[in-house]
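So you can see what is in the structure, the chains are spelled out below.
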Amino acid sequence: MDPVDLQENPQENPPQNPSQSLQQRIAALRRGGPEKYHARNREQGKLFARERLERLLDPGTFVEDGLFANCLAEDLPADGVITGIGRV
């Protein structure tokens, strides 16, 4: 289904379990991209941005505020930007 159709008529095809659907979407967004890019970064000894944030910030203090920015774009959710606050 076209993401634009979901925006214009969100009740036309409501998810069967909205809570589960939301949790799946959040998990997909937090993965930060297709596995092939994660694999390439690992091969090059690099970390993804969220992995770097986990190492920089105190555990459990990061609160992301832009997770759903541009979330309907399958290829580049949040425009490739992570924003939030955390304690160092």
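Whatever comes next refers back to the structure up there.
Note that the structure is a prediction, hence the values are computed from the model and not measured.

J.: I keep staring at the overall build of the chain and nothing clicks. Help me out?
T.: Of the regular secondary structure elements, the chain holds four helices and two strands. Mapped from its N terminus to its C terminus, the chain presents α and β elements in the order α-α-α-α-β-β. Classification of the 88 residues of the chain by burial places 15% in the buried group. When contacts within the chain are restricted to residue pairs at least 6 apart in sequence, long-range pairs at least 24 apart make up 40% of them. By element, 51% of the accessible surface of the chain is carried by carbon and sulfur atoms, the whole surface being about 7,000 Å².

J.: How should the environment of Lys46 be read in this particular structure?
T.: On the secondary structure map, Lys46 appears in the loop between helix H3 (35–43) and helix H4 (49–56). We classify Lys46 as partly exposed; its relative accessible area is 48%.

J.: Is there a simple way to think about the side chain of Arg50 in this case?
T.: Within the secondary structure layout, Arg50 lies in helix H4. Judged by relative accessible area, which is 19%, Arg50 ranks as buried. A distance of 2.8 Å separates polar atoms of two side chains, one belonging to Arg50 and the other to Glu64. Residues contacting Arg50, with those up to four places away along its chain left out, are Leu29, Arg30, Gly32, Glu64, Leu67 and Ile82.

Thresholds applied
- For every chain, the first residue of the written sequence is number 1, and numbering continues from 1 along that sequence.
- Only residues with pLDDT of at least 70 get local features here, since the model is predicted, and only at 80 or more are side-chain atom pairs given and counted; chain-wide, interface and lining totals rely on the full set of residues.
- Side-chain metrics rest on all non-hydrogen atoms present in the structure, leaving aside hydrogens and water.
- A run of H or I in DSSP becomes a helix once it reaches four residues, and a run of E becomes a strand once it reaches two; helices and strands are each numbered from the N terminus.
- For every residue, the accessible area obtained with a 1.4 Å probe (protein chains only) is divided by the maximum for its type, and the residue is called buried under 20%, exposed over 50%, and partly exposed between those limits.
- A contact between two residues is defined here by any heavy atoms of the two lying within 4.5 Å.
- For accessible areas, the Shrake-Rupley method is used with a probe of radius 1.4 Å. Any residue's cover is judged against the shown protein chains and nothing else.
- Whenever a nitrogen or oxygen atom comes within 3.5 Å of another N or O atom, the pair is scored as a polar contact, on the condition that within protein one atom can donate a hydrogen and the other can accept it, and that pairs from neighbouring residues in sequence are kept only if both atoms are in side chains.

Interpretation note: all reported values are geometric properties and have no functional meaning in isolation.
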